[in-house]
Every structure is written in C-alpha cells, then in structure tokens.
Amino acid sequence: MAQAKSGKMDVVLDYSLTTIDVLKEAAAFIPVPAANTAVKASLAAVQQILSMVSDAKGNKKDLPKLKQYIEQFTSINTKGIDDDSMKHLEALQMKLQPFIGVCDSEMNMHGAERFFRAPMIKKQIKEMKEEIHENLMEFIVAMNTSLVQNQIQDRATRVLDKLQSSDKYAIARYNMADSKIEECMKNTRVVLLNDLMQKLRMPPGQSPRIFFLSGSAGTGKSTIAKSVASRLAANKPTSCLSASFFFSYDDIKRRIGHLPVTLASQLAEYNDTFKASLVDIVDKQAGILEVNSQLQFEKLVVDPLATVQSETTPWVICMDALDECGLKDDFKNLLDWLKAGITKIPKHVRFFLTGRPNVWEYLQKLALPQELLVHIHLDTEDETHGDLPFNGNLSLMKWRKSFSVPTSYSFLLQQLSATFVIVESQ
C-alpha cells in the first residue's frame, strides 16, 4: 500500500514539475519585463520547494534548506505583476510564511528533548510537508488558469489589432463620429419603430431572420436604420445590437470589400465565443486578409457565428443602404453570401437590412423560405405624411423669427410630405 501511494505521489510530482515548466514558458510572454522576471522567479522557487518537500525524509537536516527556499519565495517582490497573478502569489507567500518559524523551532531542539520527541517531530515535519505540498498544488492550478487566460487575452488583442489596423477595416458603425445621418425626430415614425423593435427583440424561434426595409431615395431608410440601431444598442451590456455597417457611396471604405473584416471585429467585441473562434481562424490562416471578400465573409463571419451556441437573447446585425455597397450589382453578391450562410448561422442571429426596391426584388428572387423574411416598404402613404406637418410646424415657427413666412402653410406642408422626410438637425 505504501509503495502504491509513493508511486502515485511520484506521478503527481512529475506532473506538477512539468506544469511549472510550462508555466515558466508561458510567463516568458508577459510583456512587462519586471512582471515577467517576478513570475518566473516565483515559479522557480515553487519548483524548488515542491521538489524539496517531495524528497525530504522528515529529519532535521532537511529543514535548513527548506527554510531557505521558503524565505527566498516569500521575499519575492510582486510589484508590477498583473492583479490575478499577484493575488495567487501573495496568497501563497502568506500561507508559507509561518513555516519559516516551524523550521526554526524544530532545528533548535537538541539532546534529550529531540530524542524523546523524535516520533512527534517526525510526524510534525511530515504534516508540514503535506500542507506545504497542498498549498503549492493549489497555487499551480490557479497560476495555470491565470497565465492561460492572460495568453488567450493577449492573443485575442493581437488578432483584433491586426484586423482593425488592416486596410480592409472600416469605421462604419451606426454611431460613427462623422456620420451625417440623424435619428428620427421625436414623435415621428412611432408606430413603425415600435413594431420593428418588438419584432427584432422577439425570442429566437418566434421571429424571421431577415428584416428588409425598402423605399425610394429620400424616404428615410437610413434615418430609421440609425434609430433602430441606437435603440437596440441601449441598455448595455444586454444590448441586442451585435454589429452594424452603414454603406455609403461617398466613402470608399464603407463598401462591400470592407464589410467582412469590420463585422468580424465588431462581433468579436460583442461575444467571447465568437472572438475565440475568430482568433483561431486568423492565426491558422495567415493569408485570410488577402483573399476575396466572399471567402472572408464565410471564414471571418459565418464560420465563427456557427460556433456560437443558441441564446435566448437575439443578436441583430444592422446593415444600411445595400444599394450603396459598391458597384451597381454588388448588393447581389452580398445577398448571395447571406443566402449561402444563413442556415449555418444560429437562429438567434437576425439581420436588419435597408435598400431601394430593386435590392428587395433581388432578395425575393433568391427563393429563401418566406418564413425567414419580413418586408417593410416605405411609401407616400405611411407615417411620413403625418410626421411632416407636426415637425414642419415646429421648424417653421423657429424660422419665422428670422424670415417672413406666411401664417398659413398647410398646403406647402401637404405637398412636401409626399416627397421629403424632414430630419431634425442636432
């Protein structure tokens, strides 16, 4: 039995010492030199103590060296080490500190006292070794977790920096600083916005996957898209808006070629599972940023999304103005990509898209199951007609202070409401 126990302890010791070697290699990647040195010195000291308590025979001559190793470890300066690693190191230092006094006490026994107390001393040394060994094992597990998590985080940061510094990344979120798009004015599009928000926030399985808002130029598609995105993004960290991309003819970066990398980067910031999958893909496929946009969309967006477990909270990806995503028919390519990937993407992920009527017409031709689609068409008979007099009255009242405006302008408002959507400037 004793031999079997000894053999098991040897296996545990070998595993522990090997784990410490791996941790020392991982510590070499800590970017702060002082922290790097402190962690490696701490691990080396732990390795010495662990070997000592595993090999010691429980007699007096082992104690000076054990005391020396513990003193070396407890005197290591943890300043500059990351908070998690520092917590584990300082906890172990506090646990081992009392054993210095125990070693002194045992070493100072002489003559008859030591002779008569020999069995008890041997037992105390054995118990001390076992307690030290237990504390060291807890520390190794904790540090392994901490350093591995730090490595994962550093790797993710490096990959996201690579994506966001590439020429395939664009600043195209709904709330980008230089956007000329405004949200809907207060008390306008109330019914439409409430209806959209209700549908987009419905639990997975109870709602379609693609919501398409179509309308002619000037009907307010982008204004509505920004309002929807803004509302979905509210109440962080439970925001439903997982990513957004607002296409524009006026910005060469806000085109289809920049969509995959930009969406992937935003989705990685939104969800850790997506991030981990994306990091693996980018690390293993060195040339992924050089391939065509279709393959990038598949590898950087669809494939990582496919690894995400179904959730009860919907994710919404908002893409505005598909008719402005590039050349004349580039929107067809984007819709083709979406059709190819929609069955791989978890059902809680939804797409809110806007574009002119010809974009919707092409989407219909792709013969996607009708239950996946919802179409909202903006025309002259929707809320625009009612919104304009309300906000036109407010705006023209302000103008009358500086300009001569007829008191009666109902006819003018009626004519304008069929053509324009008035947006409040900030």
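Heads up: these notes are all about the structure in this document. If you're wondering where the values come from, they're calculated on a predicted model, not measured in any experiment.

Moving on, we come to the pairing of strand E1 (residues 210-214). For a regular strand, side chains alternate in direction, first toward one face of the sheet and then toward the other. Counting buried residues in E1 gives five out of five residues, a clear majority hidden from the surface. Side chains Ile210, Phe212 and Ser214 of E1 all project onto a buried face; the interleaved residues Phe211 and Leu213 project onto the opposite face, where all are buried too. Relative to strand E4 (residues 349-355), E1 runs parallel, the two sharing five bridges. Bridged to isoleucine 210 within E4 is phenylalanine 351. One ladder, built from five bridges, connects E1 with strand E5 (residues 373-377); its direction is parallel.

Taken together, five strands build an open sheet; the order of strands is E2-E3-E4-E1-E5 and the sheet is parallel. Each edge of the open sheet carries a strand with a single partner, namely strand E2 (241-246) and E5. On average, adjacent strands in this sheet sit at an angle of 15 degrees to one another, irrespective of strand direction. The pairing of strand E3 (residues 315-320) with E4 spans five bridges and is parallel. Looking across to E4, one finds that isoleucine 317 is bridged to phenylalanine 351.

With that out of the way, let us pick up helix H3 (residues 63-74). Helix length check: H3 (twelve residues) gives 16 Å between terminal C-alpha atoms against 16 Å at 1.5 Å per residue, within 8%. The set of residues buried in H3 consists of Leu63, Leu66, Lys67, Tyr69, Ile70, Phe73 and Thr74. Around the axis of H3, the buried residues are gathered within 165 degrees of arc, so they sit on the same side.

With 13 residues, helix H8 (residues 221-233) ought to run about 18 Å at 1.5 Å a step, and its terminal C-alpha atoms sit 18 Å apart, in line with that. Listed in full, the buried residues belonging to H8 are Lys221, Thr223, Ile224, Ala225, Lys226, Ser227, Val228, Ala229, Leu232 and Ala233. Buried residues in H8 make contact with helix H7 (190-200), E1, E2, E3 and E4. A positive backbone phi angle near 60 degrees is found at asparagine 235, which sits one or two residues after H8.

At a minimum axis distance of 6 Å, the contact between helix H9 (residues 259-270) and helix H10 (residues 272-284) shows a crossing angle of 130 degrees. With respect to H10, the axis of H9 lies oblique. By crossing handedness, the relation of H9 to H10 is classed as left-handed. Of the residues in H10, those touching H9 at Ala264, Leu267 and Ala268 are Phe274, Lys275 and Leu278. Its residues placed into classes, the contact of H9 with H10 shows five nonpolar, no polar and one charged.

Reading guide: rules and limits
Residues numbered from 1 in each chain as written. Predicted model: local features only at pLDDT ≥ 70, side-chain atom pairs only at ≥ 80, totals over all residues. Heavy atoms only, no water. Buried < 20%, exposed > 50% of the residue type's maximum accessible area, 1.4 Å probe, protein only. Helix = DSSP H or I, 4+ residues; strand = E, 2+ residues; numbered from the N terminus. Pairing = 2+ DSSP bridges. Axes fitted to C-alpha atoms, helices over the stretch in contact; angles between N-to-C directions. Expected span 1.5 Å × (residues − 1). Arc of directions from axis to C-beta. Contact = heavy atoms within 4.5 Å. Parallel < 35°, antiparallel > 145°, perpendicular 65-115°, else oblique. Left-handed = near helix turned anticlockwise from the far one by under 90°. Nonpolar A, V, L, I, M, F, W, Y, C, P; charged D, E, K, R; others polar.

None of the figures reported here should be taken as evidence of function without further support.
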